[in-house]
Amino acid sequence: MAIPQSGATVSLPAQSTYQSRVADYWNAEENPVNLELGKIDDLYHHHYGVGDVDWSVVDEPDAARRQQRVTAELHRLEHAQAELLASHLGPLSPADRVFDAGCGRGGGSVVANQRYGCHADGVTLSTKQADFANEQARARGIDGKVRYHHRNMLDTGFETGGYAASWNNESTMYVELDLLFAEHSRLLRRGGRYVVVTGCYNDTYGRASREVSLINAHYICDIHPRSEYFRAMARHRLVPVHVEDLTPATIPYWELRKTADHLVTGIEDAFLDAYRNGSFQYLLIVADRV
Ligand SMILES: C[S@@+](CC[C@H](N)C(=O)[O-])C[C@H]1O[C@@H](n2cnc3c(N)ncnc32)[C@H](O)[C@@H]1O
């Protein structure tokens, strides 16, 4: 087998049919909740938010201004989540490299670069997202350090042990955790940091609830139980050092989003009901690669 030299093209296995359908979804995706929020400061997050809501935004009497303020408030909460995740990646130096698995339109890698000055490689199944994110990095003048790739996060072809930190923000429900954590474990250097923020179903409820199943159908994904994260991490040299149940912190985001007629996608009630009936949890897990 030929070993690819630096700069040589790495040949990657074809995507599964499922992965092609996920790519189709994200190539076609133009939801205002993803685009209108990002336009505010060119930080495009495709995940949810955490923190207390400033409810004065919904009392704004002028309708157009109210929409703007609600949009800005949702963006503030999404950004707070990206910052929370990034705060657990460090300490990192500008020479370090981080891996953003399932990077969407790229906001998370920009946040990490802004915080640490580090190099970042983001991967997504969507060519459209990778092109968009690379264009954003060029416009910010950080394309020398922050790069996005159309690759499979289960099999990136990136350098073994080349990364000081890596993460998944709302993208683990598209893959088998054993395959995913094997790749993070391979990419992270010893002592490197892995962080995940994800929705998971609650083992104490039993199996996936109706609401969790609705979320799976909506996004074409397969939400894992909480227990599976810890089992799979243990199998792949990832040792949790901090676990936080973000469920109470994310419910206000969904309550505000439900009021935003100009941004709703129709999945808001499923999230709120699933969180409230105890079948679903929003989790942050920070782990060390040993
Ligand atoms: C909900 S978005 C999250 C985006 C991003 N992490 C963020 O926080 O803005 C899910 C992302 O996972 C990506 N994804 C799903 N399966 C993947 C795979 N096997 N390899 C690479 N990316 C994948 C999708 O292409 C999409 O960009």
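Residues numbered from 1 in each chain as written. Predicted model: local features only at pLDDT ≥ 70, side-chain atom pairs only at ≥ 80, totals over all residues. Heavy atoms only, no water.

Participant: Is there a simple way to think about the overall build of the chain in this case?
Facilitator: Broken down by element type, the chain carries 10 helices and seven strands. Counting over 290 residues, the chain shows a buried share of 53%. Counting contacts in the chain only where the partners sit at least 6 residues apart, residues at least 24 apart contribute 79% of the total. With an accessible surface of roughly 12600 Å², the chain has 51% of that area assigned to carbon and sulfur atoms. One way to put it: in the chain the 29 positive side-chain charges average out to a point 5 Å from where the 38 negative ones average out. (Helix = DSSP H or I, 4+ residues; strand = E, 2+ residues; numbered from the N terminus. Buried < 20%, exposed > 50% of the residue type's maximum accessible area, 1.4 Å probe, protein only. Contact = heavy atoms within 4.5 Å. Areas by Shrake-Rupley, 256 points an atom, 1.4 Å probe, with all protein chains shown as cover. Lys, Arg positive; Asp, Glu negative; His and termini not counted. Charge placed at Lys NZ, Arg CZ, Asp CG, Glu CD.)

Participant: Explanation requested: the site of the ligand in the structure shown.
Facilitator: Near the ligand there are 21 residues, and of these His46, Gly102, Thr124, Gln129 and Asn169 occur at the shortest range. Contact distances for the ligand include 2.6 Å between an oxygen atom and a side-chain N or O atom of Gln129. One of the side-chain N or O atoms of Asn152 is found 3.1 Å from a nitrogen atom in the ligand. Here the ligand loses 97% of its free accessible area of 600 Å² to cover by the protein chains. Of all the secondary-structure elements, those providing two or more residues to the shell around the ligand are helix H1 (17-28) and strand E2 (119-124). (Near = heavy atom within 4 Å. Polar contact = N/O pair within 3.5 Å; in protein donor to acceptor, adjacent residues only side chain to side chain.)

Participant: I would appreciate a short explanation of the pattern of salt bridges in the present structure.
Facilitator: Any two side chains of opposite charge can pair, on the condition that their charged atoms come close. Inspection of the entire model under this criterion finds 18 salt bridges. Residue Glu30 is joined to Lys128 by a salt bridge in which the shortest nitrogen-to-oxygen separation is 2.7 Å. A residue pair is termed long-range when its members are at least 10 positions apart, and Glu30 in the loop between H1 and helix H2 (32-39) and Lys128 in helix H5 (residues 127-140) qualify at 98 residues. Given a relative accessible area of 48%, Glu30 falls into the partly exposed group. A salt bridge links Arg76 to Glu73; the nearest nitrogen and oxygen atoms lie 2.7 Å apart. Within this pair, Arg76 and its partner Glu73 are both found in helix H3 (residues 63-87), separated by three residues, close to a single helical turn. One connected set of salt bridges, linked through shared partners, spans Asp178, Glu228, Arg231 and Arg235. (Salt bridge = Lys/Arg side-chain N within 4 Å of Asp/Glu carboxyl O.)

Participant: What is the right way to look at the side chain of Glu78 in this model?
Facilitator: With respect to the helices and strands, the residue Glu78 is situated in helix H3. This buried residue, Glu78, is left without a salt bridge; Arg257 holds the nearest opposite charge, at 4.9 Å. Ignoring any residue separated from it by four or fewer positions in sequence, one finds Glu78 in contact with Val33, Leu37, His45, His47, Tyr48, Gly49 and Tyr253.

Participant: Is there a simple way to think about the packing of aromatic side chains in this case?
Facilitator: One pair of aromatic rings is described through two measures. These are the centre distance and the angle between the planes. Applying the stated criterion to the full structure yields 18 aromatic pairs. Seen from their ring centres, Tyr48 and Tyr253 are 6.2 Å apart, and the 50° between their planes marks the pair as tilted. With a gap of 205 residues between them, Tyr48 in the loop between H2 and H3 and Tyr253 in helix H9 (residues 247-259) connect regions that are remote in the sequence. The buried category is assigned to Tyr48, whose relative accessible area is 9%. Taken together, a centroid distance of 4.6 Å and an interplanar angle of 55° make the contact between Tyr48 and Trp254 tilted. On the criterion of sequence distance, the pair formed by Tyr48 in the loop between H2 and H3 and Trp254 in helix H9 is long-range, its members being 206 residues apart. Through a chain of ring-to-ring contacts, three or more aromatic side chains come together here, namely Tyr48, Tyr253, Trp254, Phe271, Tyr275, Phe280 and Tyr282. (Phe/Tyr/Trp six-rings, centres within 6.5 Å; stacked < 30°, edge-to-face > 60°.)

Participant: Could you clarify how one ought to interpret unusual backbone geometry in this entry?
Facilitator: Backbone geometry follows two general trends: most residues other than glycine have a negative phi, and most peptide bonds adopt the trans configuration. Cis geometry marks the peptide bond from Gly90 to Pro91; its omega dihedral reads 5°. Tracing the sequence through the fold places Pro91 in the loop between H3 and strand E1 (97-101).

Participant: Got a minute to help me understand helix H8 (residues 226-235) in this structure?
Facilitator: Structurally, the α-helix is built with 3.6 residues per turn, so residues lying three or four positions apart point the same way. Those residues of H8 not exposed but buried are Ser227, Glu228, Tyr229, Ala232 and Met233. The secondary structure elements touched by the buried residues of H8 are helix H6 (177-187), strand E5 (188-201), strand E6 (238-245) and strand E7 (280-289). Once H8 ends, the next one or two residues include Arg237, with phi positive near 60°.

Participant: Whenever I open this one, the nonpolar core confuses me. Can you help?
Facilitator: With 86 residues, the main nonpolar core has Leu89, Phe181 and Phe271 as its most contacted residues. If sequence neighbours within four positions are ignored, Leu89 has contacts with Ala112, Tyr116, Ala165, Ser166, Trp167, Arg193 and Val195. (Core = buried A, V, L, I, M, F, W, Y, C linked by side-chain atoms within 4.5 Å.)

Participant: Honestly, the packing of H9 against helix H10 (residues 268-276) in this entry has me stumped. Any pointers?
Facilitator: Pairs of packed helices are described in terms of their axes, by the angle between the two and the distance that separates them. Orientation of H9 relative to H10, taken along the N-to-C sense of each, is 150°, at an axis distance of 10 Å. Comparing their axes, H10 and H9 come out roughly antiparallel. The handedness of the crossing between H9 and H10 is left-handed. Facing Thr247, Thr250, Ile251, Trp254, Glu255, Arg257 and Lys258 of H9, the residues of H10 in contact are Glu268, Asp269, Phe271, Leu272, Tyr275 and Arg276. Split into classes, the residues belonging to the contact of H9 with H10 amount to five nonpolar, two polar and six charged. (Axes fitted to C-alpha atoms, helices over the stretch in contact; angles between N-to-C directions. Parallel < 35°, antiparallel > 145°, perpendicular 65-115°, else oblique. Left-handed = near helix turned anticlockwise from the far one by under 90°. Nonpolar A, V, L, I, M, F, W, Y, C, P; charged D, E, K, R; others polar.)

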